[in-house]
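Chain by chain, the residues:
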Amino acid sequence: MIKEQLESLNAIIINMGSGGLRIMNIILALIMFGVALNIRLDSFKKIFRQPKSVLTGLCLQWFALPFITFVLAWALNQWITPMVALGMILVASCPGGNISNFMSSYAKGNTELSVSMTAITTLFSSIMTPLNFFIWGSLYYMVISVSGDIPRLVIPFFPMLKEILLLLGIPILVGMVFAYYFPKATAKIVKPIQNLSFVLFIAIVGVMIYQNWNLISGNIAFVFLVVFLHNALALCTGYIGGTLAKVSCPDRRALTIEVGIQNSGLGLILMMNPAIFPPEIWTGHYGGMLLVASLWGIWHIVSGLTLSSIFRRVQY
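Nothing here was measured: the structure is a model prediction, and the numbers come from that model.

What follows concerns unusual backbone geometry. Most peptide bonds take the trans configuration, and most residues that are not glycine carry a negative phi. Notably, K108 is not glycine yet its phi reads approximately 60 degrees, a positive angle. We note that K246 has phi near 60 degrees; this positive angle belongs to a residue other than glycine. For K246, the location among the structural elements is in the loop between α13 (220-244) and α14 (249-260).

Bringing empty space enclosed by the protein into the picture now. Using the criterion set out here, one finds one cavity of 30 Å³ or more in the structure. Approximately 40 Å³ is the volume found for the largest cavity. Looking at the largest cavity, the residues that line it are Q61, W62, A92, S93, C94, P95, T121, S125, M128, T129 and N132. Secondary-structure elements contributing two or more residues to the lining of the largest cavity are α4 (51-75), α5 (82-93) and α8 (125-144). With four residues, α8 is the largest single contributor of residues to the lining of the largest cavity. When the residues that make up the lining of the largest cavity are grouped by side-chain class, the tally is five nonpolar, six polar and no charged.

Turning our attention to the environment of N25. Relative to the helices and strands, N25 resides in helix α2 (residues 20-36). Judged by relative accessible area, which is 23%, N25 ranks as partly exposed. Residues N25 and L167, 142 residues apart in the sequence, show an inter-C-alpha distance of 7.0 Å. The residues contacting N25, other than those within four sequence positions of it, are L167 and N273.

This paragraph deals with the packing of aromatic side chains. All told, the structure shown has 14 aromatic pairs when counted by the stated rule. For the ring pair F157 and F158, a centre distance of 4.9 Å and an interplane angle of 70 degrees mean the geometry is edge-to-face. Assessed through its relative accessible area of 62%, F158 is described here as exposed. A ring pair is formed by Y180 and Y181, whose centres lie 5.0 Å apart and whose planes are at 85 degrees; its orientation type is edge-to-face. You'll find Y180 and Y181 in the same group, each marked exposed. Grouped by ring-pair contacts, the aromatic residues F67, F70, W74 and W136 constitute a single cluster.

Definitions and limits used
Residues numbered from 1 in each chain as written. Predicted model: local features only at pLDDT ≥ 70, side-chain atom pairs only at ≥ 80, totals over all residues. Heavy atoms only, no water. Helix = DSSP H or I, 4+ residues; strand = E, 2+ residues; numbered from the N terminus. 1 Å grid on protein atoms, 1.4 Å probe; cavity = no way out; pocket = protein on both sides within 12 Å on 5 of 7 lines; lining within 4 Å. Points joined across faces, edges and corners; volume = space filled by probe spheres on them. Nonpolar A, V, L, I, M, F, W, Y, C, P; charged D, E, K, R; others polar. Buried < 20%, exposed > 50% of the residue type's maximum accessible area, 1.4 Å probe, protein only. Contact = heavy atoms within 4.5 Å. Phe/Tyr/Trp six-rings, centres within 6.5 Å; stacked < 30°, edge-to-face > 60°.

In structure tokens, the structure reads:
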């Protein structure tokens, strides 16, 4: 019953009007430029000076989280649609969100570790995001195709790789160069740009919900429950992974938050790019993906701040 009801989400659309794609690309470039302003070459030196925590975090972010997301989506297959599952996998394939750096600092975690992880996962997101989405999305489709009919979709890899290299690579490079040559200007604009990026993300989510409220209203509670479980599992992945690796308490806190806070805004905007998700193939299918990414982008702020507040009150 729930699964059949969720099928109605496939009709969700976002009508941005003429020039909508250009606006989306500008917003994405602004988001990635803002993230890149916090990337310093010194962050990468951490790998060589203190490699254990950084490498643990990258393994959790790039391998453990997508794998565990795949397992969760498979376990929930009886209740969720393939598009909801692919939305989960796409979010798990995105780099860490830059708000995680503030949360790690507030939680008395290792802020340098958090910044290092965000910098590295963002820098390599042009490759790792499409790769993980292709691998785990294709594997999920292969597994569930045994049990029933599913939409005939091709999980994009090369189209996504090509577009992300252009859409992410250039803003990230420009942001790093700007931060290196204009540190004073960077200090003044970094927070306003990040705040603007957040406002634009909320605006996109608001437009999507407003335009499709009749379709979303009956499903939002259940999809939120899925997002809640997924995000809780991501936070647990970071904490348990850090515990098993026997890293310090500040490092474990940073890993927990970093793995649980994803740049789902990136996933949301990528879904609106017709070069990655061609309308003739994906239109009428990916509404569930859009709702998952949208709700994740809102909920992980609430869960991250709540967990940070708890960590802050607990002594090492």
